[in-house]
Amino acid sequence: MSASAAQKLSPPAGLQQEFRAVCPQADLRRALFLANMVCERRKTLPMLAYVRLTLADGILSIDSTDMDNALTSTIAALSFGAGSVAAPAVKMLRIISRLSGPIELEIMPNDTALTIRDGNGTTFSLSCQGSDDYPWPGLPTEYALGFLLTTEECLTLLRRIRHCISTEETRYYLNGVHLSVAGNMLRATATDGHRLARVKMPAPAGAGSMPAAGVIIPQKTIGVLFEMLRRGDDLV
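Residues numbered from 1 in each chain as written. Predicted model: local features only at pLDDT ≥ 70, side-chain atom pairs only at ≥ 80, totals over all residues. Heavy atoms only, no water.

Focus: the overall build of the protein chain
Counting its secondary structure elements, the protein chain contains four helices and 13 strands. When each of the 236 residues of the protein chain is scored for burial, the buried share is 44%. Partitioning the contacts of the protein chain with sequence separation of at least 6, the portion at a separation of at least 24 is 69%. If you sum the accessible surface of the protein chain, you get close to 12600 Å²; carbon and sulfur atoms cover 53% of it. (Helix = DSSP H or I, 4+ residues; strand = E, 2+ residues; numbered from the N terminus. Buried < 20%, exposed > 50% of the residue type's maximum accessible area, 1.4 Å probe, protein only. Contact = heavy atoms within 4.5 Å. Areas by Shrake-Rupley, 256 points an atom, 1.4 Å probe, with all protein chains shown as cover.)

Description of the environment of T189
Relative to the assigned elements, T189 resides in strand β11 (residues 185-191). Take T189: its relative accessible area is 12%, and that puts it in the buried class. Sequence separation between T189 and L174 is 15 residues; the distance between their C-alpha atoms is 9.9 Å. Filtering out sequence-adjacent residues up to four positions away, T189 remains in contact with I161, G176, V177, H178, L196, A197 and R198. A polar side-chain atom of T189 sits 3.0 Å from a polar atom in the side chain of R198. (Polar contact = N/O pair within 3.5 Å; in protein donor to acceptor, adjacent residues only side chain to side chain.)

Considering unusual backbone geometry
Of note in this structure, D57 is not a glycine but carries a positive phi near 55 degrees. Tracing the chain through its elements places D57 in the loop between β2 (50-56) and β3 (59-65). At M67, a residue that is not glycine, the phi angle is positive and equals roughly 75 degrees. As for its placement among the helices and strands, M67 is situated in the loop between β3 and β4 (70-76). For M67, a relative accessible area of 36% gives the class partly exposed.

Comments concerning the packing of aromatic side chains
Under the definition given, this model contains one aromatic pair. Ring geometry for Y172 versus Y173: centroids 5.6 Å apart, planes at 75 degrees, classification edge-to-face. Assessed through its relative accessible area of 61%, Y172 is described here as exposed. Just above the ring of W136 sits the side chain of R52; from NZ or CZ to the centre is 5.2 Å. Above the face of the F226 ring, R162 is positioned so that its terminal group lies 4.0 Å from the ring centre. (Phe/Tyr/Trp six-rings, centres within 6.5 Å; stacked < 30°, edge-to-face > 60°. Lys NZ or Arg CZ within 6 Å of the ring centre and 35° of its normal.)

A few points about helix α3 (residues 151-161)
All of the buried residues along α3 are T151, C154, L155, L157, L158 and I161. Axial view of α3: buried residues confined to an arc of 160 degrees, hence all on one face. When the buried face of α3 is taken as reference, the exposed residues oriented beyond 90 degrees from it are E152, R159 and R160. Looking at the buried side of α3, the elements it contacts are β10 (176-182), β11, β12 (196-202) and α4 (219-230). (Arc of directions from axis to C-beta.)

Notes on the packing of helix α1 (residues 25-38) against α4
Look at α1 against α4: their axes get within 9 Å of each other, and the N-to-C directions meet at 165 degrees. For the element pair α1 / α4, the angle class is roughly antiparallel. In this structure, α1 meets α4 at a crossing whose hand is right-handed. Together, R30, F33, L34, M37 and V38 of α1 and K220, G223, V224, E227 and M228 of α4 make up the contact between the two elements. (Axes fitted to C-alpha atoms, helices over the stretch in contact; angles between N-to-C directions. Parallel < 35°, antiparallel > 145°, perpendicular 65-115°, else oblique. Left-handed = near helix turned anticlockwise from the far one by under 90°.)

Thoughts on the environment of Q219
With respect to the secondary-structure elements, Q219 resides in helix α4. The exposure class assigned to Q219 is partly exposed, which follows from its relative accessible area of 34%. Contacts of Q219, omitting those with residues within four sequence positions, involve I165, S166, T167, N175 and G176.

A word on the sheet that holds β4
If you trace the four strands from one edge of the open sheet to the other, you get β4-β3-β2-β6, paired in antiparallel fashion. Only two strands of the sheet have a single partner each, and these edge strands are β4 and β6 (83-88). Strand-to-strand, the axes of this sheet are offset by a mean angle of 20 degrees, without reference to chain direction. The sheet contact formed by β3 and β4 spans seven bridges and is antiparallel. Across the sheet, the residue bridging to I59 is A76, located in β4. (Pairing = 2+ DSSP bridges.)

Regarding the pattern of salt bridges
Under the criterion given, the structure shown has eight salt bridges. In this structure, the salt-bridge partner of E227 is R230, at a minimum N-O distance of 2.8 Å. A residue pair is termed a helical-turn pair when its members lie 3 or 4 positions apart in one helix, as E227 and R230 do in helix α4 at three residues. The exposure class of R230 is partly exposed, given its relative accessible area of 48%. (Salt bridge = Lys/Arg side-chain N within 4 Å of Asp/Glu carboxyl O.)

Here's what the structure looks like:
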């Protein structure tokens with residue numbers, strides 16, 4: 001079966017390269033599933049409903065953002081050429097979910113459609129955009145920090161407090177998990193104004209550089225992180 005071919009248009013900026021990538025369907029579907037958890041569906045900025053696909057040095061990178069959160073997934077791929085393109089996130093996930101076996105992604109020079117094929121010969125043509133104008137948020141360097149938690153530690157923390165995260169958008173400061181360090185303990189707190197949950201654990205190396213007031217991890221980030229951990233990522 002084949003989707004109807006996209007109408008030929010003048011190629012937008014950022015869509016001049018030719019590339020071809022072959023990667024496992026399961027890896028691509030998982031990456032797109034996580035990307036769709038981040039993408040902005042209300043479309044205040046249309047490009048936020050897209051994912052950016054970048055192929056370079058045998059690695060396919062899939063970027064998604066809502067300008068508050070940003071996610072990059074990487075997949076090892078058999079590749080030819082290099083380039084970048086922006087594709088509709090929801091449509092691409094639906095297509096990949098229907099396919100099986102190795103997935104081939106191909107974009108030709110001066111084309112505005114991404115060709116998607118599977119091992120059974122099923123072919124789709126998906127209209128896409130150039131990636132030059134794809135928005136990407138910057139990380140405030142004055143708050144940049146990093147530390148490692150095991151999957152078990154992070155899952156335990158999230159399972160005990162995520163039910164208390166507020167979903168009321170007018171109280172945006174409650175829409176997440178507050179992390180802070182007190183002494184040698186890492187504290188995670190969530191509340192919706194009616195319930196409060198707090199979990200403490202020994203602070204890992206590097207957590208001491210956290211700002212004294214702590215940081216708030218947004219609800220959407222918590223959801224993506226929980227999904228990643230549930231599927232077996234080792235360290236966070």
